[in-house]
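Now for the letters of each chain:
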Amino acid sequence: QQRGLLLLTAAESEAPSLQPDMAAFVLWRVAAGYAKIDKNNADRMLNRAFLTTESMEHGPDDEFACQDSPVCRTKNWLQTTLLREIIARAPEQEEQLLANADPLPPAQATAALAERSVEKKNFARAEDFLTRLTSEANYPFGVATQLLHAMPKASPDLFPQFSRARP
């Protein structure tokens, strides 16, 4: 365990010398190493990793153009992954983090949070997340479908989700 902590400390101290994408990835994995033994340090590493992604080159805002840009894909994947983990651990940071992310990851992370809320049967929270995405071009119809299937059949809120989505 001592050796593992030394390795985590070494990786953390060397991360700033790396390119932003690699530094964010290393800090994310350091956070995973701390997760079971020091939750506060794990949270701190996740936040540092997310802040590091903000210094990465910004790609196109259009999702389809972004898929053609390796830098954009990497940044979006890192931000989405980190947002999911941070918000799952500290929901109170949600608004601040979503505001600071590039345009695509917040929508992807919000859809993931809606899906997680459906799984936990917190239907009001899932609906709130989906409502935030109604103006998105790629509305998560799959998550809305999961919500509809999971809700009690007599619920008066069964069908508004699909009517709010932008075609």
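Scroll up to find the structure.
Because the structure is a prediction, the values reported are computed rather than measured.

1. Looking at the overall build of the chain
Then step 1. Counting secondary structure elements, the chain contains ten helices and zero strands.
Then step 2. For the chain, the sequential pattern of α-helices and β-strands runs α-α-α-α-α-α-α-α-α-α.
Then step 3. A buried classification covers 43% of the 167 residues belonging to the chain.
Then step 4. Counting only carbon and sulfur atoms, one obtains 55% of the accessible surface of the chain, whose full area is about 9400 Å².

2. Some words on the nonpolar core
Then step 1. Formed by 35 residues in total, the largest nonpolar core has its most connected members in Leu130 and Leu147.
Then step 2. Take this core: its biggest share by element is seven residues, from helix 2 (residues 20-34).

3. Regarding the layout of surface pockets
A water-sized probe rolled over the atoms picks out the places where empty space is left.
Then step 1. Within this model, the second largest pocket holds a volume of roughly 180 Å³.
Then step 2. Around the second largest pocket, the lining is made up of eleven residues, and of these Leu113, Arg116, Ser117, Lys120 and Arg125 lie nearest the centre.
Then step 3. Only helix 5 (70-89), helix 7 (104-119) and helix 8 (123-132) provide two or more residues apiece to the lining of the second largest pocket.
Then step 4. For the lining of the second largest pocket, the leading source of residues is helix 7, giving three residues.
Then step 5. Class assignment of the residues belonging to the lining of the second largest pocket gives a composition of five nonpolar, two polar and four charged.

4. Notes on the pattern of salt bridges
Then step 1. Under the definition given, this model contains four salt bridges.
Then step 2. Note that Glu12 and Arg44 form a salt bridge whose closest N and O atoms lie 3.3 Å from each other. Of this pair, Glu12 sits in helix 1 (residues 2-14) while Arg44 sits in helix 3 (residues 39-53), and the two are 32 residues apart along the sequence.
Then step 3. Residue Asp128 pairs with Arg132 through a salt bridge whose shortest N-O separation is 3.2 Å. Here Asp128 pairs with Arg132, and both are found in helix 8, just four residues apart, close to one helical turn.
Then step 4. Here Asp128 falls in the partly exposed class, since its relative accessible area comes to 34%.
Then step 5. When its relative accessible area of 32% is taken as the criterion, Arg132 is described as partly exposed.

Rules used in this analysis
Residues numbered from 1 in each chain as written. Predicted model: local features only at pLDDT ≥ 70, side-chain atom pairs only at ≥ 80, totals over all residues. Heavy atoms only, no water. Helix = DSSP H or I, 4+ residues; strand = E, 2+ residues; numbered from the N terminus. Buried < 20%, exposed > 50% of the residue type's maximum accessible area, 1.4 Å probe, protein only. Areas by Shrake-Rupley, 256 points an atom, 1.4 Å probe, with all protein chains shown as cover. Core = buried A, V, L, I, M, F, W, Y, C linked by side-chain atoms within 4.5 Å. 1 Å grid on protein atoms, 1.4 Å probe; cavity = no way out; pocket = protein on both sides within 12 Å on 5 of 7 lines; lining within 4 Å. Points joined across faces, edges and corners; volume = space filled by probe spheres on them. Nonpolar A, V, L, I, M, F, W, Y, C, P; charged D, E, K, R; others polar. Salt bridge = Lys/Arg side-chain N within 4 Å of Asp/Glu carboxyl O.

Purely geometric numbers; function is a separate question.
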